[in-house]
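Secondary and tertiary structure notes
Listed below, chain by chain, are the residues.
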Amino acid sequence: MVAQSLASLLQRASIDDHEEVLQSCNAVLTKSKSDLQAQHMKVVALLKLDRYEEALKTFQAAGDALKQSAGLEYAYASYKCGKLEEATEALTRVASGRGANHLEAQVRYRAENFRRAAELYEQLSKDTESSGHEINDLNINSWATDAQLQWKGETEFVRHDRLSREDLESFETTYNAACLNIAKGAFKQSEILLNRAQSQHAVLLEIRTQTDNICRTSEDLSPEDKTAELLPIAVQQLYVLIQLGKLEEAEAVLKDISVENITELSTKKIARNNIVLARPTAVNPYILYKALHSTPDAINNDRLFEFQDRDLIGNSHAADLLVQKYDGIIRSTAKAQLKCPSPSTDAIPNLLSVYNAAAHAQGETGTKAIHKIAPLLERRLTDLGLLLTVVQLYVSSGNTASAIAAMERTLHSLEGSNESVRFNPGLLSVLVSLYQLEGRTVQIRTTLAQAAAYWRTQSEPPASLLRAAAASLLHSEERTDLATAGDLFRALHKQDPEDLVAIAGYVASQATLDYAQIESELDRLPAVSDLIADIDVSALESAGIAPSASSVAAAAAAFASARKRTAASAEDRANKRVRKSRLPKDFDPAKKPDPERWLPVRDRSSYRPKGRKGKQRAAALTQGGPVNEKAEESPTQQQQKPGGGGGGSNAKKNKKKGKR
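Calculation criteria
Residues numbered from 1 in each chain as written. Predicted model: local features only at pLDDT ≥ 70, side-chain atom pairs only at ≥ 80, totals over all residues. Heavy atoms only, no water. Phe/Tyr/Trp six-rings, centres within 6.5 Å; stacked < 30°, edge-to-face > 60°. Lys NZ or Arg CZ within 6 Å of the ring centre and 35° of its normal. Patch = residues over 30% accessible without salt bridge, like charges linked within 9 Å, V, L, I, M, F, W, Y side chains within 5 Å. Areas by Shrake-Rupley, 256 points an atom, 1.4 Å probe, with all protein chains shown as cover. Salt bridge = Lys/Arg side-chain N within 4 Å of Asp/Glu carboxyl O. Helix = DSSP H or I, 4+ residues; strand = E, 2+ residues; numbered from the N terminus. Axes fitted to C-alpha atoms, helices over the stretch in contact; angles between N-to-C directions. Parallel < 35°, antiparallel > 145°, perpendicular 65-115°, else oblique. Left-handed = near helix turned anticlockwise from the far one by under 90°. Contact = heavy atoms within 4.5 Å. Nonpolar A, V, L, I, M, F, W, Y, C, P; charged D, E, K, R; others polar. Buried < 20%, exposed > 50% of the residue type's maximum accessible area, 1.4 Å probe, protein only. Polar contact = N/O pair within 3.5 Å; in protein donor to acceptor, adjacent residues only side chain to side chain. pLDDT = per-residue confidence, 0-100.

**Quick word on the packing of aromatic side chains**
Any two aromatic rings considered together are summarised by their centre-to-centre distance and by the angle between their planes. As enumerated under the stated definition, the model contains 10 aromatic pairs in all. With a centroid separation of 5.1 Å and an interplanar angle of 70 degrees, the aromatic rings of Tyr-454 and Trp-455 are classed as edge-to-face. Following the ring pairs from residue to residue traces out a cluster consisting of Tyr-52, Tyr-76 and Tyr-79. In this arrangement the basic side chain of Arg-110 is found over the ring face of Phe-305, its NZ or CZ atom lying 4.1 Å from the centre.

**What about a nonpolar patch on the surface?**
A cluster of nonpolar residues, Val-528, Leu-531, Ile-532, Ile-535, Val-537 and Leu-540, forms a patch on the protein surface that exposes about 570 Å² of accessible area. Elements with a minimum of two residues in the nonpolar patch: α31 (528–531) and α32 (537–543). By the element assignment, Leu-531 lies in helix α31.

**Some details on unusual backbone geometry**
Cis geometry is adopted by the peptide bond preceding Pro-343, which originates at Ser-342 and carries an omega value of 0 degrees. Inspection of the secondary structure puts Pro-343 in the loop between α19 (326–338) and α20 (347–361). Phi at Gln-324 takes a positive value of approximately 60 degrees, unusual for a residue other than glycine. Although it is not a glycine, Gln-362 sits at a positive phi angle of roughly 55 degrees. Mapping Gln-362 onto the fold places it in the loop between α20 and α21 (366–379).

**Observations concerning the packing of helix α4 (residues 52–62) against helix α6 (residues 71–80)**
Viewed as axis vectors pointing N to C, α4 and α6 meet at an angle of 130 degrees, and their least axial separation amounts to 9 Å. Classified by the angle between their axes, α4 and α6 sit oblique to one another. Judged by the twist between their axes, the crossing of α4 over α6 is left-handed. Where α4 approaches α6, its residues Tyr-52, Ala-55, Leu-56, Phe-59 and Gln-60 are matched on the opposing element by Glu-73, Tyr-74, Tyr-76, Ala-77, Ser-78 and Lys-80. For the contact of α4 with α6, a count of residues per class yields seven nonpolar, two polar and two charged.

**Considering the side chain of Ser-353**
Take Ser-353: it is sitting in helix α20. Classification of Ser-353 as buried rests on a relative accessible area of 1%. One polar contact links Ser-353 to Gln-337, side chain to side chain, over a distance of 2.4 Å. Beyond its immediate stretch of four places on either side in the chain, Ser-353 contacts Gln-337, Asp-383, Gly-385 and Leu-386.

**Looking at the packing of helix α23 (residues 400–413) against helix α25 (residues 425–438)**
Running from N to C, α23 and α25 cross one another at 145 degrees; their axes reach a closest spacing of 10 Å. For the pair α23 and α25, the crossing hand works out as left-handed. Contact residues: α23 offers Thr-400, Ala-401, Ala-403, Ile-404, Met-407, Glu-408 and Leu-411, while α25 offers Leu-427, Leu-428, Val-430, Leu-431, Leu-434, Tyr-435, Leu-437 and Glu-438. When grouped by side-chain class, the residues that make up the contact of α23 with α25 number 12 nonpolar, one polar and two charged.

**Describing the pattern of salt bridges**
One pass over the structure, following the stated rule, counts 15 salt bridges. Here the salt bridges share partners, and the residues they tie into one network are Glu-104, Arg-108, Arg-116 and Glu-119.

**Examining the confidence of the model for the protein**
With 80% of its residues at a pLDDT of 70 or more, the protein has an overall mean of 80. Predicted confidence in the protein is weakest over helix α37 (residues 635–639), with a mean pLDDT of 46, and strongest over helix α22 (residues 384–396), with 94. The low-confidence segment residues 214–220 (pLDDT under 50) makes five contacts with residues lying over four places distant or belonging to another chain. Contacts from residues 630–653, a stretch scored under 50 in pLDDT, to residues over four places away or in other chains number three contacts.

**Some points on the side chain of His-102**
As for its position among the elements, His-102 is in helix α8 (residues 98–110). Within polar-contact distance, the side chain of His-102 engages the side chain of Glu-134 at 2.9 Å. Among residues more than four places away in sequence, those in contact with His-102 are Leu-124, Glu-134 and Leu-138.

In structure tokens, the structure reads:
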């Protein structure tokens with residue numbers, strides 16, 4: 001009975017009859033719940049009907065037997081429901097095949113493992129015999145993956161450089177190429193490509209409309225449907241115009257964007273965010289807060305990618321700060337941080353730390369903010385976002401020594417437990433920059449040497465850090481440091497045999513140690529005559545010797561610390577405006593002021609003494625006049641009269657009488 005029902009089920013199955021297939025499967029399963037073939041047909045029908053949640057529930061109810069026999073379908077249902085780990089695990093059990101590779105590439109893309117997704121799309125494209133009818137889709141997905149690699153900062157794995165003529169014929173490829181240019185910061189080129197993609201898509205929609213009208217299908221495109229399909233391109237155009245500063249054109253695009261008509265929550269959230277940013281900045285912060293929080297978060301496969309989520313989280317918390325929701329920010333960010341590993345070098349956990357610190361500061365800046373935030377670092381020593389916030393505040397206030405102390409204290413606490421974080425290139429670049437401000441060359445060399453020693457033991461050491469460490473060790477006079485620099489440059493040369501910097505560094509490090517060892521490498525370096533071929537020696541000689549960076553910095557510091565004002569010219573002083581409160585009451589601007597007004601009265605040429613004593617004093621001070629011998633006598637000589645003893649008749653007269 002079951003076999004006959006299943007046979008009739010398979011006979012009636014067609015691409016347009018998924019509901020009937022589902023009903024027949026349910027009829028069979030009511031009589032035999034463990035019928036594996038009926039269960040398999042049921043989940044296929046559910047997937048065809050886009051009922052992914054029901055398909056996943058069917059897998060969960062059926063158990064491991066159905067998951068193993070229909071592994072590809074289980075992986076696809078898990079992927080569509082946003083359960084990426086389950087989908088990846090299911091794909092590892094499925095035998096490799098073209099369908100499995102396609103699905104794995106989609107899962108890896110959604111899980112933001114873009115490097116693996118790019119590798120899979122490249123493998124699928126190389127199989128030209130099987131990919132003939134898929135080449136357009138593979139090209140579209142490959143461009144999208146490269147755009148995501150660019151956004152994530154893994155630029156060395158981006159495969160596409162320029163559009164071909166075939167690429168420009170597809171609006172999807174043109175759109176993805178525009179996204180790649182946006183990630184690169186080439187907004188002008190992105191604007192051109194987005195305009196082209198919009199025009200291409202509008203033409204395709206018109207063709208579809210005409211075809212539907214001729215065939216009279218049930219999927220006719222209404223004007224609203226056309227607008228909805230063009231909305232994602234318009235949202236991207238709005239972002240590009242904002243970045244280019246074309247606010248008037250952005251305002252025109254805003255009129256064509258109806259946020260409520262956007263079906264995807266992720267696109268709707270991005271659109272609302274960009275619309276808010278395109279409006280004038282002098283907006284009520286409470287209206288801004290309401291606008292940014294009005295769209296719910298997307299889930300499953302519709303959720304935002306990390307770089308999008310990071311920016312929107314920052315905008316949301318910035319709006320929270322504007323409306324002074326300090327306690328709410330502290331609670332929400334602390335709760336979110338508990339779900340993240342600590343210490344972490346990921347962007348979002350550290351961004352949460354920054355806004356948590358800003359909420360604790362409660363609008364204060366500078367030294368006042370440091371007093372409120374620095375105690376938090378004592379309790380959360382491995383919170384890197386908080387650490388960098390404190391360091392930034394110290395540096396902005398001119399306290400570089402405290403910034404270095406905070407960095408060293410946190411990095412010391414990570415020794416032995418989190419070496420990958422301890423020697424993170426980004427953190428070390430901050431510390432090295434602080435050391436450079438203080439002129440601590442020995443600490444720079446030691447720090448980079450320790451980091452290089454650690455990363456050389458790892459599978460994928462950062463080339464930029466190894467190069468910086470090797471270049472720093474070249475300035476050392478110790479033979480061991482020069483030998484270490486040679487080893488680092490040799491390792492860099494193995495990674496990239498065409499790296500001339502690595503070859504030159506290796507030669508420089510070993511020239512004083514073992515010249516015979518590097519003599520063969522000299523021919524690989526460019527000749528000095530080639531390096532200076534475009535340099536005008538005469539112009540350099542006439543220009544003179546340029547001051548060193550240290551002397552320029554010292555001069556700038558001396559100029560900034562100077563407090564003396566240069567003397568103004570006589571003309572400037574004459575034309576300087578004087579306040580009325582400083583002028584005398586009888587001041588007449590038409591009358592020329594007395595040039596001797598700054599001298600004492602008795603030293604002026606117009607001075608005429610009054611009275612007998614005044615005339616005698618003036619005569620005594622006149623040069624070339626008669627000398628008064630009595631006036632020339634010293635006071636001591638005038639007091640000592642002949643008769644000795646210093647007494648005299650006057651002394652007796654002035655003596656007071658008293659009782660004898």
